[in-house]
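# Observations on chain architecture
What follows is each chain in one-letter form.
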Amino acid sequence: MASVYYPAYPEGVLHPDSEAILRQIAEGNFKPLCKMTPEEARKAFLLDAWLGEPRRDVAVREALAGCVPVRIYAPPGEGPFPILIYFHGGGFVLGNLGEFEPFCTFLAAGARCVVVSVGYRLAPESAFPAAVEDAWEAVCWAASSAGSFAADPARIAVGGDSAGGNLAAVVSLMARDAGGPRLSHQTLICPWVDLSPEADRAASLHLFGDGLWLSAESLGWYRENYLQGLNDGREPRVSPLLAPDLSGLPPALVLLAEFDVLADQGRAYARRLREAGVPVTESCTPGTLHDYVTLPGLFPLAWDAIGQITASLRAAFAS
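In short, a report on the structure.

Basis of the calculations
- Residues numbered from 1 in each chain as written.
- Predicted model: local features only at pLDDT ≥ 70, side-chain atom pairs only at ≥ 80, totals over all residues.
- Heavy atoms only, no water.
- Phe/Tyr/Trp six-rings, centres within 6.5 Å; stacked < 30°, edge-to-face > 60°.
- Helix = DSSP H or I, 4+ residues; strand = E, 2+ residues; numbered from the N terminus.
- Buried < 20%, exposed > 50% of the residue type's maximum accessible area, 1.4 Å probe, protein only.
- Contact = heavy atoms within 4.5 Å.
- Salt bridge = Lys/Arg side-chain N within 4 Å of Asp/Glu carboxyl O.

Time to look at the packing of aromatic side chains. As enumerated under the stated definition, the model contains 15 aromatic pairs in all. Seen in terms of ring centroids, Tyr6 and Phe208 are 5.4 Å apart; in terms of plane orientation they differ by 80°. Their pairing is edge-to-face. Residue Tyr6 is located in the segment before helix 1 (16–27), and its partner Phe208 is located in helix 7 (residues 203–208); the two are separated by 202 residues in the primary sequence. The exposure classification of Tyr6 matches that of Phe208, with both residues buried. Grouping aromatic residues by their ring pairs yields a cluster made of Tyr6, Tyr9, Phe208 and Phe259.

This is the structure in structure tokens:
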């Protein structure tokens, strides 16, 4: 039976937590994202209650990766710990280090690794390629400065959600092409890996694009703010799904949400990685909405996905 919120998609059933937040949005008087300025959207992006309470046993400090602000999360105990460089979501326009602090503490504690969360520049003030340049600078800095935060430069992974998943995929390609730093793993959560005009043809965009969570209209707003022109969307540093060669990349965990406009992109990227000989674990959680994994305060089933991420990272670092 089709959902009242996604009538074009008869196969799936929304999880009760997903249905509850959509009902709340439908009953509220919320301004559409495309009608907001970036400043307004940043204030309304995430509610604290959605994020969960951060782990108090994880040490937190701030640093600069060259010119890029980072926040470093270290689990209890003595290092050197492996490193996860994390890029937050928000369509390249929204999000900050503070909003993703709880999630980063969960990853640091669960994976027994240092998490370096990257405060890359946001659009439209800093359009493409600013975020990519900052992401790459953070990766190179983490590899060269690992000793300063009790970390092991031989065990580095990258990860991110949504737009942050894009950056994780892009820097994986850049590290391969530059001959290092060597990356052990990539964690891609509901990744946005194709910003080209052709991506608008995806079936999941039409099934879920009129929804109240992440809509096709919102994607267009993000893209217009991030890119200096739509043709930029065909560049592999913008759309890693369009890179001609995905061989030689680190093993990947690709986590998807069933009711997500970006689900088909994530599936396509996982498929192309497998076809290129890259080990891939792909998982799609039924009934869930885009980026639910990062919001355990709103979606308790996110804890299962967080457990999957941390187990995958531990295995990658061990090997």
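A separate point is the environment of Thr310. Its location among the elements puts Thr310 in helix 10 (residues 302–318). Separated by 248 residues in sequence, Thr310 and Glu62 have C-alpha atoms that sit 23 Å apart. For Thr310, the contacting residues outside a window of four places in its chain are Phe106, Leu107, Gly110 and Ala111.

Counted according to the given criterion, the structure contains 15 salt bridges. Between Asp57 and Arg55 there is a salt bridge whose closest N-O contact spans 2.6 Å. With relative accessibility at 40%, the residue Arg55 sits in the partly exposed group. Salt-bridge contacts for Arg121 lead to Asp134; the nearest nitrogen and oxygen are separated by 2.9 Å. Taken together, the residues Arg121 in the loop between strand 4 (114–118) and helix 5 (130–145) and Asp134 in helix 5 connect sequence positions 13 residues apart. We classify Asp134 as buried; its relative accessible area is 5%.

Honestly, it's all geometry; don't read function into it.
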